[in-house]
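Chain residues, written in single-letter form:
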Amino acid sequence: MPYLTQLADVARRVGVPVTEVAGWKTRGHGPQPEVQGVVCHHTAGPAGGGDYPSLAVVRDGRPGLDGPLSHFGLGRSGHIYVIAAGRCWHNAPSTSPRHDNSSSIGIEAENDGRQPWPEAQKAAYIRLCAELCREFALPASRVKAHREVNTSKPDPHSIDMNAFRRAVAALLDGGTSPSWTEEIMKQLPMVRLGDDNYDVKTVRGCLFARGRVPVSAYEQVGLEDWLKSTRYDSGLVELVRGFQQAEGIEEDGFVGPGTWPSLLRV
Ligand SMILES: [Zn+2]
């Protein structure tokens, strides 16, 4: 698994303000080897000092432990800070092989270790964990408190993790099917110039739904006929290229494993 450069997009799906901390896409103790779990922390930072006074520590580390210390910071307001895309030093030694530094995502929520959790922060915490479970096809049971996977840690304080996980699971059940994994994406067809089949119709429908079909593309034949066409013609190649450019994926003009996830928004 490479650097997790999709983490900002995952965070934005939470529906709260997101700050991409400069340099996050290449920050880490090497790339993230895998994602099998999520570990929730509190920063044990100052009681005051604004929304996320621990940012510099989580990003740069502290004496004896180099940063980054976690992939995400979570401010008191629920604001998410995307800090690193590579491996972070947030849980060692781990009692769970799925929650060590090489296998898990860390979230450091601002809290001094005693003060009550603001509702907005707790709600964002649950939603961020749910979006991470969705992104990496994990069940809610893989979300753990640091204190659950490290015997010497107390964080995050006072959060009932069983209730927390039930809330994560409820969001997963109510949202997009988590079965849209990378594996399923790989089984979708390759659709390209010259094809004439119903998969082409799917591509046309998705492009339209994503707002990537200008009137000029269909004004001659009419929208209905344009959407019904099963032919992958040069006009469609150009629209797919435009979509790929806007999404920041490879502009090859055909629809395969690299493009379906964006097209289907999964
Ligand atoms: Zn911790």
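A quick note: this is a predicted structure, and the numbers were derived from the prediction, not measured. (Residues numbered from 1 in each chain as written. Predicted model: local features only at pLDDT ≥ 70, side-chain atom pairs only at ≥ 80, totals over all residues.)

**Some thoughts on the packing of helix H3 (residues 119-135) against helix H5 (residues 161-174)**
The criterion, for reference: Here, axes are lines fitted to C-alpha atoms. For helices the fit covers the stretch in contact, and angles between N-to-C directions go from 0 to 180 degrees. Counting from the N terminus, the helices are DSSP H or I runs at least four residues long and the strands are E runs at least two residues long. Should an angle fall under 35 degrees it is taken as roughly parallel, and over 145 as roughly antiparallel, whereas 65 to 115 is taken as roughly perpendicular and any remaining angle as oblique. Helix crossings get a hand from a simple test, with the near helix turned counterclockwise from the far one by less than a right angle marking a left-handed crossing and a clockwise turn marking a right-handed one. Two residues form a contact once the distance between their C-beta atoms, set from the backbone, is within 7 Å.
Axis separation between H3 and H5 bottoms out at 9 Å; the angle between their running directions is 55°. By the angle class used here, H3 and H5 are oblique. When the axes of H3 and H5 are compared, the crossing they make is right-handed. Contacts from Ile 126, Arg 127, Cys 129, Ala 130, Cys 133 and Arg 134 of H3 reach H5 at Phe 164, Ala 167, Val 168, Leu 171 and Leu 172.

**Considerations on the sheet that holds strand E1 (residues 18-20)**
We count it as follows: Here, a strand pair is defined by DSSP locating no fewer than two bridges between the strands.
Judged by pairing direction, the sheet is mixed, and its 6 strands sit side by side in the order E1-E6-E5-E7-E2-E8 without closing on themselves. Each edge of the sheet is formed by a strand with only one pairing partner; in this case those strands are E1 and strand E8 (143-145). For this sheet the average axis-to-axis angle between neighbouring strands, irrespective of direction, equals 25°. Where strand E5 (residues 72-74) lies against strand E7 (residues 104-109), 3 bridges are found, and the strand directions are parallel. Looking at the pairing, Gly 73 lines up with Glu 108 of E7. In the packing of H3 onto the sheet, the strands contacted are strand E2 (37-42), E5, strand E6 (80-82), E7 and E8, and the crossing angle to E5 comes to about 155°.

**Examining the domain arrangement of the protein**
Where the parts come together, the accessible area they lose is often given as the size of the interface. Under the convention used in this document: Boundary definitions for the domains trace back to an automatic or database domain assignment.
Each domain of the protein was delimited in the assignment, giving domain 1 (7-174) and domain 2 (182-264). Computed over C-alpha atoms only, the centres of domain 1 and domain 2 are separated by 36 Å.

**A few points about the pairing of E7**
Put simply, the test is: For the exposure call, what matters is how many other C-beta atoms sit within 10 Å of a residue's own: 20 or more marks it buried, 12 or fewer exposed, and in between partly exposed, using C-beta atoms placed from the backbone.
Among the 6 residues in E7, 6 count as buried, and that is most of the element. Burial along E7 is two-sided: the face carrying Ser 104, Gly 106 and Glu 108 and the face carrying Ile 105, Ile 107 and Ala 109 are both buried. Bridge count for E2 against E7 is 6 bridges, and the pairing is parallel. From the neighbouring strand, Gly 37 faces E7, where its bridge partner is Ser 104.

**Some words on H3**
So the rule is basically this: One less than the residue count of a helix, multiplied by 1.5 Å, gives the span that helix is expected to have.
Helix length check: H3, at 17 residues, gives a terminal C-alpha distance of 24 Å against a target of 24 Å (1.5 Å per residue), a fit within 8%. Counting buried positions along H3 yields 12 of 17 residues, so the element is predominantly enclosed. If you check which residues of H3 are buried, you get Gln 121, Ala 124, Tyr 125, Ile 126, Arg 127, Leu 128, Cys 129, Ala 130, Glu 131, Leu 132, Cys 133 and Arg 134.

**Describing the UniProt feature "domain: N-acetylmuramoyl-L-alanine amidase" (unreviewed entry) in the protein**
Quick note on the threshold: UniProt positions are given in the numbering used here, feature names are shortened, and annotations may be inferred rather than shown by experiment.
The positions UniProt marks with the feature "domain: N-acetylmuramoyl-L-alanine amidase" (unreviewed entry) are residues 24-157. In residues 24-157, helix accounts for 20% and strand for 19%; the two terminal C-alpha atoms are 27 Å from one another.

**Focus on helix H7 (residues 198-209)**
Helical geometry: 3.6 residues make up each α-helical turn, so side chains three or four residues apart lie on a common side. Heads up, the rule is: Directions are taken from the helix axis to each C-beta atom, and the arc is the one they span.
Compared with an ideal rise of 1.5 Å per residue, which puts 12 residues at 16 Å, H7 spans 17 Å between its outermost C-alpha atoms and is within 8% of the ideal. Taken residue by residue, H7 has Val 200, Val 203, Arg 204 and Leu 207 as its buried positions. Down the axis of H7, the buried set is contained in an arc of 100°. They therefore lie on one face. With respect to the buried face of H7, the exposed residues turned more than 90 degrees away are Tyr 198 and Ala 209. Of the surrounding elements, those touching the buried residues of H7 are helix H9 (223-228) and helix H10 (234-247).

**Focus: the environment of Cys 40**
Tracing the backbone through its elements, the reader meets Cys 40 in strand E2. Between the C-alpha atom of Cys 40 and that of Thr 5, which follows or precedes it by 35 residues, the distance is 20 Å. Setting aside anything within four residues of it in sequence, one finds Cys 40 in contact with Ile 107, Tyr 125, Val 143, Ala 145, His 146 and Pro 156.

**Quick notes on the nonpolar core**
For soluble globular proteins, nonpolar side chains are generally found buried alongside one another. The cut-off we apply is this: A set of buried residues drawn from Ala, Val, Leu, Ile, Met, Phe, Trp, Tyr and Cys, joined through C-beta atoms within 7 Å, is what defines a nonpolar core.
Core analysis: the biggest nonpolar cluster contains 43 residues, and Phe 72, Ile 80, Leu 128, Cys 129, Cys 133 and Val 168 have the highest contact counts within it. The greatest single-element share of this core, amounting to 8 residues, is contributed by H3. With 13 residues, the next largest nonpolar core counts Val 240, Val 255, Trp 260 and Leu 263 among its residues.

**So, unusual backbone geometry**
Here the residue pair Ala 92 and Pro 93 is connected by a cis peptide bond, since its omega of -5° sits within 30 degrees of zero. Note on placement: Pro 93 falls in the loop between E6 and E7. Between Asp 155 and the following residue, Pro 156, the backbone shows a cis peptide bond with an omega angle of -10°. Along the chain, Pro 156 falls in the loop between helix H4 (146-149) and H5. Within the chain, Ala 44 stands out as a residue other than glycine whose phi angle is a positive 55°.

**Description of the environment of Gly 258**
Within the secondary structure, Gly 258 is located in the loop between H10 and helix H11 (260-264). With 14 C-beta atoms packed within 10 Å, Gly 258 lands in the partly exposed category. Sequence separation of Gly 258 and Gln 244 is 14 residues, and the distance between their C-alpha atoms is 9.3 Å. Apart from the residues lying within four places of it in its own chain, the contact partners of Gly 258 are Ile 249 and Glu 250.

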